[in-house]
2 protein chains.
Amino acid sequence: MNHKKQPFQNIGVVGLGLIGGSLGLDLQELGYKVYGLVHRQETASRARELGLATKISTNEIILENCDLVILALPLDELLNPKKELLNALPKKAVITDVGSVKAPILKIWSNLHPRFIGCHPMAGTSQAGVEAGKKNLFKGRPWVSTPDSKTDLEALELVRKLVLSLGSKWITADATNHDEAVALISHLPVLISAALIETVGEEKNNNVYELASKITSSGFADTTRIGGGNPKLGATMASTNSKAILQGLSIYKQCLEKFEKTLIKEDWFALEEKLRRTKKVRSKILSS
Amino acid sequence: MNHKKQPFQNIGVVGLGLIGGSLGLDLQELGYKVYGLVHRQETASRARELGLATKISTNEIILENCDLVILALPLDELLNPKKELLNALPKKAVITDVGSVKAPILKIWSNLHPRFIGCHPMAGTSQAGVEAGKKNLFKGRPWVSTPDSKTDLEALELVRKLVLSLGSKWITADATNHDEAVALISHLPVLISAALIETVGEEKNNNVYELASKITSSGFADTTRIGGGNPKLGATMASTNSKAILQGLSIYKQCLEKFEKTLIKEDWFALEEKLRRTKKVRSKILSS
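As the structure is a prediction and not an experimental result, all values here were calculated from the model. (Residues numbered from 1 in each chain as written. Chains lettered and ligands numbered in written order. Predicted model: local features only at pLDDT ≥ 70, side-chain atom pairs only at ≥ 80, totals over all residues. Heavy atoms only, no water.)

We now examine the overall build of chain A. When helices and strands are tallied, chain A shows 12 helices and nine strands. With the principal axes as the frame, chain A shows a C-alpha extent of 70 × 40 × 35 Å. For chain A, with 288 residues in total, the buried portion stands at 56%. Sequence-distant contacts, at least 24 apart, represent 67% of the contacts inside chain A between residues at least 6 apart. Of the roughly 12900 Å² of accessible surface on chain A, 51% is carried by carbon and sulfur atoms. With 38 positive and 30 negative side-chain charges, chain A shows a separation of 5 Å between the mean positions of the two kinds. (Helix = DSSP H or I, 4+ residues; strand = E, 2+ residues; numbered from the N terminus. Buried < 20%, exposed > 50% of the residue type's maximum accessible area, 1.4 Å probe, protein only. Contact = heavy atoms within 4.5 Å. Areas by Shrake-Rupley, 256 points an atom, 1.4 Å probe, with all protein chains shown as cover. Lys, Arg positive; Asp, Glu negative; His and termini not counted. Charge placed at Lys NZ, Arg CZ, Asp CG, Glu CD.)

What follows concerns the sheet that holds strand S1 (residues 10-14) of chain B. All names here are of chain B. Taken in spatial order, the six strands of this open sheet run S3-S2-S1-S4-S5-S6, and their pairing is parallel. Of all strands in the sheet, those with a lone pairing partner are strand S3 (55-57) and strand S6 (116-117), marking the two edges. Pairing between S1 and strand S4 (residues 68-71): four bridges, direction parallel. Paired with Ile11 across the two strands is Leu68, which belongs to S4. (Pairing = 2+ DSSP bridges.)

Residue and element names in this part refer to chain A. Read from one edge of the open sheet, six strands run S3-S2-S1-S4-S5-S6, paired in parallel fashion. Of all strands in the sheet, those with a lone pairing partner are strand S3 (55-57) and strand S6 (116-117), marking the two edges. Where strand S4 (residues 68-71) lies against strand S5 (residues 94-97), four bridges are found, and the strand directions are parallel. When the sheet's bridge partners are listed, Leu71 is paired in S5 with Asp97.

Take the relation of the copies chain A and chain B next. Under the fitted operation, chain A is carried onto chain B by 0.0 Å of movement along the axis and a turn of 180°, and the coordinates agree to an RMSD of 0.0 Å. Within this description, the copies of the chain are treated as partners about a two-fold rotation axis. Minimal C-alpha separation from the rotation axis in chain A is found for Thr223 of chain A, amounting to 2.1 Å. An overlap of 100% is found between the interface residues of chain A and their copies at the interface of chain B, pointing to a shared contact surface. (Least-squares fit on C-alpha atoms with pLDDT ≥ 70 in both.)

Here's what the structure looks like:
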């Protein structure tokens, strides 16, 4: 028996992929009854075998007694929720999500449910799907919530308690600031990284292309990792956050041109100084 | 006793940092006598403690009986070799280097020594200095050699044998092609990565900057890793390979602008297709 009062009794998790499946495992460990809703029978069977939730179904009715429902769905399904799902969400339950773009989701969901709390847990691996769930995925990772003036503060506090019990760091932020921040650290890097892959792929001199392929180092692999990630996710993030991404891209192009200028001017002293500064800035950003 | 005839008897290694120290360890393991030359007494003492070579000195005389000398020096020292070093290199010995840019090195060294073999082992970690040496650093990694019409083919064959005995993959390439390839996969990524760090560092909205710093993910860390690397090395690579880097940067900017256009046009289908292609191209490059 848990001696602290738990914020919820029955927790619904919609979608049992990387995020949903991992939540299912951790929440059961914390003593919750977890009700998993998935699209396909096949996924349900596999999720049952993996023990991702206490009960798992493809029928929305499974959510009926939940006092919290976590929407662990892909971004496009969060932005275009199915009627069956909306009808199945208990009116008194707290509803939260895990979408990586917040302003467009809040715009839709604040009208769909009075107790919706927008969230973005910053945890991920390159894995996806029903096999991807793993324990302690959120431990020590930031969990951003983006309340606004319409947010139900009691619901927010309950979600906060739950998130802290998962070992995550709770952060609140303005939804637009959040979207600009993820544009910089997560969406813009996808484009930057993908354009580098394209640059190598489009090399006209075949000897150079072949040699480049043979000698690629961990540096190239690291810099291009997220540019070689999930294409659908990349496109959906871009489509839902394009203003902030384009804004970041514009600054980025200016920064790149400043580097280019030091090369054209052959100002190696200035280049070394610039690289010394970026080294420091990176350490500062990563240690925050 | 090694039953195969070894290509060399006594091997000099100039510089006992990451590459030189690692070579010293592996070559001793293969049964060679290794003679290490370093700048400072302090480095010599530490290198002796670490067993990086059979004998270690700060005096060039240590190279006198070597039939191979490996110049494991930083790029700027390879391009401006000291007179004392040049005078100490035995005339009949084979001389090779490990510099990451080849055409400028060949231009200088083919006039300095008749048996010079330009090489670039593609191995590295983020470590540097006398503490960085480690065994088997080169195992399974490419080792590029860039012979030209003036190269002593017997010397080339001896170096090839040695390199194969370290477990490396021997690759020969034209020096200019090599420099263009490393511009694409190694030097250009430094600038791309550094410009991303600068973009985040220059964010004007402090709320966005603070949040971005708090929620940085492994994606940002990976994409910016080499932009936060050794500033001096970055500047030296750029200064010795600027033509190829600027050429790559020009293509890169075009690729980035094509991505930007899909965002401006809101053509999410095209973006997803582009990301699908880069994902494939990356796998192809990395599996070569």
